[in-house]
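Letter by letter, the chains look like this.
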Amino acid sequence: MSWAGPEDIFLSTSLATYLDKKLLVLLRDGRKLLGTLRSFDQFANAVLEGTCERLIVGDLYSDIPLGLYVIRGENVVLIGEVDLEKEDLPPHMTRVSTAEIRTAQKAEREAADLKGSMRKRMEFLDMD
Amino acid sequence: MLFFSYFKEIVGREVVVELKNDLAIRGTLRSVDQYLNIKLENTRVVDQDKYPHMMSVRNCFIRGSVVRYVQLPPDGVDIELLHDATRREARGG
């Protein structure tokens, strides 16, 4: 990944082809950021403008507006070009408000915690 | 440098890149660099239902440091050639 000349830029691994495009950035902690790439370097450090975080819980999703973000390259897993014609998620998914997604997130976390604690209590049964 | 050279040889072929977070992506290898960062085209996530947010992504850049495996086309490796190149590189080029 480097600053390639104009003739081979479309064949290089440089992020230059993604400049000023709407991108989906997947981070190592599983977060999904949507925004416009304004700058980058050889470490995949990136500047995203108009960034939103997309939260998905089951069939619900919500975009939380964040603003201008500088992402440290080591946290980047994948940078995907978002196809503007089919930007949307599968049709069965519903867009909800920030408050609703937070509630859904909490419910999911509590369900997971409960499952964990149930398993812990059943451990003496030594199931495998 | 050997694997970099090797990946350059298979540009244009279809591969499956499995990441350290278990996400597996099938796509056409568009380019690769010295860090083994990879660019894929016409990507499809192997387990679509689990990763709905990837539906709208057709081209992507994958940071080399997060790659676990690259599954190659079955006829994509010339073992003899790779063997020779390995020895040549081990001798110091």
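Residues numbered from 1 in each chain as written. Chains lettered and ligands numbered in written order. Predicted model: local features only at pLDDT ≥ 70, side-chain atom pairs only at ≥ 80, totals over all residues. Heavy atoms only, no water.

Student: Describe helix α2 (residues 79-90) of chain B, with residues and values.
Tutor: Relative to the 16 Å expected for 12 residues at 1.5 Å per residue, α2 of chain B spans 16 Å between its end C-alpha atoms, a close match to the ideal helical length. Positioned one or two residues after α2 of chain B, Gly92 of chain B has a phi angle of 100°, which is positive. (Helix = DSSP H or I, 4+ residues; strand = E, 2+ residues; numbered from the N terminus. Expected span 1.5 Å × (residues − 1).)

Student: So what's going on with the interface of chain A and chain B? Residues and values would help.
Tutor: Many structure descriptions define interface size as the accessible area lost when the parts assemble. Each partner contributes to the interface: chain A provides 31 residues, whereas chain B provides 25 residues. Both sides together, the interface formed by chain A and chain B hides about 2400 Å², and carbon and sulfur atoms give 58% of it. Where chain A packs against chain B, one counts 0 salt bridges. Our count for the contact surface shared by chain A and chain B stands at 12 residue pairs in polar contact (both at pLDDT 80 or more). For the side of chain A that touches chain B, the leading source of residues is strand β5 (residues 76-82) of chain A, giving 7 residues. Residues belonging to the side of chain A that touches chain B are distributed by class as follows: 18 nonpolar, 7 polar and 6 charged. (Contact = heavy atoms within 4.5 Å. Buried area = accessible area lost by both parts, 1.4 Å probe. Salt bridge = Lys/Arg side-chain N within 4 Å of Asp/Glu carboxyl O. Polar contact = N/O pair within 3.5 Å; in protein donor to acceptor, adjacent residues only side chain to side chain. Nonpolar A, V, L, I, M, F, W, Y, C, P; charged D, E, K, R; others polar.)

Student: How would you summarise the packing of aromatic side chains if you had to cite specific residues and measurements?
Tutor: Taken as a whole and judged by the stated rule, the model has 1 aromatic pair over all chains. One Lys or Arg, Lys8 of chain B, reaches over the ring of Phe4 of chain B and ends 4.3 Å from the middle of that ring. One Lys or Arg, Lys39 of chain B, reaches over the ring of Tyr18 of chain A and ends 4.9 Å from the middle of that ring. (Phe/Tyr/Trp six-rings, centres within 6.5 Å; stacked < 30°, edge-to-face > 60°. Lys NZ or Arg CZ within 6 Å of the ring centre and 35° of its normal.)

Student: Give a description of the sheet that holds strand β2 (residues 32-40) of chain A that names residues and reports values.
Tutor: A sheet is described by the order of its strands in space; here 11 strands give the open sequence β6(A)-β4(A)-β3(A)-β2(A)-β1(A)-β5(A)-β4(B)-β3(B)-β2(B)-β1(B)-β5(B), paired in mixed fashion. Bordering the open sheet on either side are β6 (94-95) of chain A together with β5 (67-71) of chain B, each of which pairs with just one other strand. The strands touched by helix α1 (residues 98-121) of chain A are β3 (46-57) and β4 (60-71) of chain A; relative to β4 of chain A, the strand with the most contacts, the crossing angle is about 105°. (Pairing = 2+ DSSP bridges. Axes fitted to C-alpha atoms, helices over the stretch in contact; angles between N-to-C directions.)

Student: Got a sec to walk through the environment of Ser39 of chain A? Specific residues and values, please.
Tutor: Residue and element names in this part refer to chain A. Of note, Ser39 is situated in strand β2. In this structure, the C-alpha to C-alpha distance between Ser39 and Tyr18, residues 21 residues apart in sequence, is 9.5 Å. In this structure, Ser39 is in contact with Leu19, Asn45, Ala46 and Val47, ignoring residues within four places of it in sequence.

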